[in-house]
Amino acid sequence: MFTQQLINGLALGAVYALIALGYTMVYGILQLINFAHGEIYMLGAYVGIIVLGMLTAVGLPAYSLALTIFITLTISMLFSAAYGATVERVAYKPLRQASRLAPLISAVGMSIILQNIIMIMQGKQYRFLPPIIAFEGFSLFGAKVSPVEIFILSASILLMILLQLFITSTKMGKAMRATSQDRVMAGLVGININKVISVTFMIGSALAAVAGVMVTLYYGVVHFFMGYTIGLKAFTAAVLGGIGSIPGAMLGGFIIGLIENFGASYVSSVYKDAFAFLVLIITLILRPNGIFGQKAVDKV
Amino acid sequence: MKKILNLMLSVSILAILSGCAEEDKNVIKIGAAGPMTGDQSKMGADLKNSVELAVAEWNAKGGVLGKKIALLSGDDAADPKQAVSLANKFINKGVVGVIGHWNSSCSIPASKYYHDAGVVMITPATTNPKLTRQKFKNVFRVCGTDDQQGRVAAAFVSRKLRPEKIAIIHDKSAYGQGLAEYFKKALSNKIEVVYYGGIVQRDADYKAVLTAIKNKRPDLYFFGGIYPEAGRLVRQAKEIGLTVPMITGDGVYDPTFINIAGSAAEGTFITFGRDPARIPTARTFLEKYRAKYGDPGPYSIYAYDATNILLTAIQRTRTTDGAQLAFYISKTPFRGALGTISFDTRGDVTRAPYVLWKVKDGKYVQIR
């Protein structure tokens, strides 16, 4: 039972972590909590289910499952990245010099708009995808692991490693780190701030799209409202790990996933959603900067 | 700027006023209420389609009492608060009767308002017994109740399936939790209930609770709830290796359940009314509905009969007075698509034929 809950929690945590990365990266650069990020995830899931549906109609999954998932992930990532960057252009860029509250409200507005666009375009009911990956898993230390769970865990860990490499050892990654330290100074030394911000939004959105496609494969249903709760939980994960910190968001995601699963199984399944937010409150009281968060230094 | 605003305001007020004046006195209004939006919107659409079909048939024959029938359809979004505000809206618009609501958690609070206003309410799908235990003379239901349903399911489990251990979960709604409680109460005391608990509606991941259930090694698990959750439950149960069958109630009886769950739905037991395809009187309705809207939903035929009961009562009593209509409906058996429907003193049907169904080869099959 413990092992099974551990696996369930890790798979769920990987999804939270991928979404939390988007929150934390944007916060690191713009000090903005992008509340529309959960909707980008929802959008990624919708693109995923549409592409998967079309590929299933032509019979590709029977021919090559890996190719099907690869095509779906690529299209969904590209689409969401474009969407994320556009949202930034439309809703945040004009407000970059405004007070910090303005872009935050703009983000909430963007979230509602995106939800409603999808509701009008795709309908209010659940969209479902019949399972295309076999759900009978194999046994591991008395627990069942399904192929989708393996895929979720390995793909998300791979993406996190790639992201870490990108941030630490590419020129763009260096520019991103510089921008997050001091946006004005970075601009003065010749970094194209607008490009850095766009790339940040694109990467965050593409990661959320991966999470969306994974969830589609995992649970088989999408809904226009699905980004709301999971967005809040991923945000909690980012705060827990220390908002602005990339390893923090990864760790935070896994911790939230595990706490939720253990809480639901050992304490009460009725209060499943409450555990994540309880963690948020405790973190904010005991360690407001999160696990890896640095104490904010006032810029003089 | 201010002048323009003032002008716009007065124009809009005028528009509202003239709208009131234009209102046609020569129609009889009836309401159709259900979840028209949200994840249960298909149920709302099923309900509305059936009422629409019945109203269209009556209007084609010249309406009722020499007047045309106007159908107002409203959305309660499966939300008790919206159900109450919808009830008030219907009452203010002067509906004679309402067909609905769908969810127990909506029908029960709304019924109080219909009662106070003297509006007849006939629900085609609300199965929570509390609805008709409020001693409201104007409230009727054409389907069965959860205590009857729970008893049928429990008898089937106790006599036929005979598990040693069973787990029971519900979605915390008035319907789901109610059904789970009635089922538990009616279960033979030889069967040990090893798990009893609720789940969060709309949650995506139920693996935590399923793993806890699997750990108790039940031979069967019961779910009180609706199809979107049930679909995810059986699918995730198979993923973690919980292979015992699920038994559940009428809220899961919808093709969407099988679509979400795929082959994981196989072997699920469901309590529901008799198969309309086996009821001779239902044939005309099924043909008409299919021709206009496609395959009927689980409660389409109930909504159709409910509408006809209301309209027949108006025609026979030659009045739109709620008390007189309610008296007529409670006393007079009605012959409709489902066969003969007659109500007891509470407003429940005297005969609630729940039978067992099973998912077999991706279809619902009546087994007894």
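Definitions and cut-offs
Residues numbered from 1 in each chain as written. Chains lettered and ligands numbered in written order. Predicted model: local features only at pLDDT ≥ 70, side-chain atom pairs only at ≥ 80, totals over all residues. Heavy atoms only, no water. Helix = DSSP H or I, 4+ residues; strand = E, 2+ residues; numbered from the N terminus. Rg over C-alpha atoms; globule rule 2.2 N^0.38 Å. Buried < 20%, exposed > 50% of the residue type's maximum accessible area, 1.4 Å probe, protein only. Contact = heavy atoms within 4.5 Å. Lys, Arg positive; Asp, Glu negative; His and termini not counted. Charge placed at Lys NZ, Arg CZ, Asp CG, Glu CD. Domains from an automatic or database assignment. Buried area = accessible area lost by both parts, 1.4 Å probe. Polar contact = N/O pair within 3.5 Å; in protein donor to acceptor, adjacent residues only side chain to side chain. Phe/Tyr/Trp six-rings, centres within 6.5 Å; stacked < 30°, edge-to-face > 60°. Lys NZ or Arg CZ within 6 Å of the ring centre and 35° of its normal. Salt bridge = Lys/Arg side-chain N within 4 Å of Asp/Glu carboxyl O. Pairing = 2+ DSSP bridges. Axes fitted to C-alpha atoms, helices over the stretch in contact; angles between N-to-C directions. Parallel < 35°, antiparallel > 145°, perpendicular 65-115°, else oblique. Left-handed = near helix turned anticlockwise from the far one by under 90°. Nonpolar A, V, L, I, M, F, W, Y, C, P; charged D, E, K, R; others polar. Patch = residues over 30% accessible without salt bridge, like charges linked within 9 Å, V, L, I, M, F, W, Y side chains within 5 Å. Areas by Shrake-Rupley, 256 points an atom, 1.4 Å probe, with all protein chains shown as cover.

Trainee: Quick one: what's the story with the overall build of chain B, residue by residue and with numbers?
Mentor: Within chain B, the secondary structure is distributed over 12 helices and 14 strands. Its C-alpha atoms give chain B a radius of gyration of 22 Å, near enough to 21 Å, the size a compact globule of 368 residues would have. With the C-alpha coordinates aligned to their principal axes, the bounding extent of chain B is approximately 70 × 60 × 40 Å. Considering chain B as a whole, with its 368 residues, one finds that 58% of them fall into the buried category. When contacts within chain B are restricted to residue pairs at least 6 apart in sequence, long-range pairs at least 24 apart make up 68% of them. In chain B, the 51 positive side-chain charges and the 33 negative ones have mean positions that sit 4 Å from each other.

Trainee: Mind laying out the domain arrangement of chain B, listing which residues take part and the relevant values?
Mentor: Residue and element names in this part refer to chain B. The assigned domain composition of chain B is domain 1 (24-143 + 279-341) and domain 2 (147-267). Taking the mean C-alpha position of each, domain 1 and domain 2 sit 30 Å from one another. On the domain 2 side, the residues contacting the 13 residues of domain 1 number 14 residues. Taken together, both faces of the contact between domain 1 and domain 2 bury some 1,200 Å²; the carbon and sulfur share is 49%. Connecting domain 1 to domain 2 are four residue pairs in polar contact (both at pLDDT 80 or more). Broken down by secondary-structure element, the contributors of at least two residues to the side of domain 1 that touches domain 2 are α2 (41-60) and α4 (104-117).

Trainee: How would you explain the packing of aromatic side chains if you had to name every residue and give the values?
Mentor: All chains considered together, the criterion is met by 22 aromatic pairs over all chains. Ring geometry for Tyr-218 of chain A versus Tyr-219 of chain A: centroids 4.6 Å apart, planes at 40°, classification tilted. A single burial state applies to Tyr-218 of chain A and to Tyr-219 of chain A, both of which are buried. An angle of 55° between the planes, with centres 5.2 Å apart, marks the rings of Tyr-299 of chain B and Tyr-302 of chain B as tilted. By the ring-pair criterion, three or more aromatic residues cluster together here, those being Trp-102, Tyr-253, Phe-272, Tyr-299, Tyr-302, Trp-357 and Tyr-364 of chain B. In this structure, Lys-61 of chain B packs its charged tip against the face of Trp-58 of chain B, placed 5.2 Å from the ring centre. The ring of Tyr-196 of chain B carries the charged tip of Lys-184 of chain B above its face, separated from the ring centre by 4.4 Å.

Trainee: Please give an account of the interface of chain B and chain A that cites residues and values.
Mentor: Counting from both sides, the interface comprises 34 residues of chain B and, opposite them, 32 residues of chain A. For the pair chain B and chain A, the summed buried surface comes to about 2,800 Å²; carbon and sulfur atoms form 58% of the total. Here chain B is connected to chain A by two salt bridges. Lys-272 of chain A is the partner of Asp-203 of chain B in a salt bridge, and the nearest nitrogen-oxygen pair spans 2.8 Å. Linking chain B to chain A there are 13 residue pairs in polar contact (both at pLDDT 80 or more). Elements with a contribution of two residues or more to the side of chain B that touches chain A: β7 (192-198), α7 (207-215), α8 (227-239) and α9 (255-261) of chain B.

Trainee: A description of the sheet that holds strand β10 (residues 269-273) of chain B should follow, citing residues and the corresponding values.
Mentor: Residue and element names in this part refer to chain B. With mixed pairing, the seven strands of this open sheet are ordered in space as β7-β6-β8-β9-β10-β13-β14. Among the strands making up the open sheet, the edge pair consists of β7 and β14 (363-366). Going from strand to strand, the sheet's axes swing by 30° on average, the running direction of each strand aside. Relative to strand β13 (residues 354-360), β10 runs antiparallel, the two being bridged by five bridges. Its bridge partner lying in β13, Ile-270 is registered against Trp-357.

Trainee: Could you give an account of the packing of helix α11 (residues 246-267) of chain A against helix α12 (residues 272-286) of chain A, with specific residues and numbers?
Mentor: All names here are of chain A. Where α11 meets α12, the closest approach of the two axes is 8 Å, and the angle between their N-to-C directions is 135°. The orientation of α11 relative to α12 falls into the category oblique. Our pair here, α11 against α12, has a crossing hand that is right-handed. Contacts between α11 and α12 involve Ile-256, Ile-259, Glu-260, Gly-263, Ala-264 and Val-267 from the former and Lys-272, Phe-275, Ala-276 and Val-279 from the latter. Residues that form the contact of α11 with α12 fall into these classes: seven nonpolar, one polar and two charged.

Trainee: Tell me what's going on with a positive patch on the surface, and back it up with residues and numbers.
Mentor: A surface patch of like charges, here positive, comprises Arg-159, Lys-160, Arg-162 and Lys-190 of chain B. Along the chain, the position of Lys-190 of chain B falls in the loop between α6 (174-186) and β7.

Trainee: Outline the environment of His-37 of chain A, supporting the account with residue identities and numerical values.
Mentor: Residue and element names in this part refer to chain A. Its place among the elements puts His-37 in helix α2 (residues 37-57). With 107 residues separating them along the chain, His-37 and Lys-144 place their C-alpha atoms 32 Å apart. When residues no more than four places from it in sequence are discounted, the contact partners of His-37 are Ile-19, Gly-22, Tyr-23, Gly-204, Ser-205 and Ala-208.

Trainee: Now, about the sheet that holds strand β2 (residues 68-75) of chain B: what can you tell me, with residues and values included?
Mentor: Think of a sheet as strands paired side by side through backbone hydrogen bonds, with each pair either parallel or antiparallel. All names here are of chain B. Read across the sheet, five strands follow the order β2-β1-β3-β4-β5 without closing on themselves; strand pairing throughout is parallel. The sheet is open, and its two edges are formed by β2 and β5 (139-141), each paired on a single side. Strand after strand, the sheet turns through a mean of 20° between neighbouring axes, direction not considered. Note: strand β3 (residues 97-99) against strand β4 (residues 120-123), three bridges, orientation parallel. Opposite Val-98, over in β4, you have Met-121 as the bridge partner. α4 contacts β3, β4 and β5 of the sheet and is inclined by roughly 160° relative to β4. Running over the sheet, helix α11 (residues 300-317) touches β1 (27-34), β2, β3 and β4 and is turned about 165° from β3.

Trainee: Explain unusual backbone geometry to me, using residue names and the numbers behind them.
Mentor: With glycine set apart, most residues show a phi of negative sign, and most peptide bonds adopt trans. Residue and element names in this part refer to chain B. Of the consecutive residues Gly-100 and His-101, the connecting peptide bond is found in the cis state with omega at -5°. Along the polypeptide, His-101 turns up in the loop between β3 and α4. A positive phi angle is found at Leu-65, which is not glycine, with a value near 55°. With respect to the helices and strands, Leu-65 occurs in the loop between α2 and β2. Phi angles above zero are rare outside glycine, and Arg-217 is one such case at about 50°. Relative to the helices and strands, Arg-217 is located in the loop between α7 and β8 (220-224).

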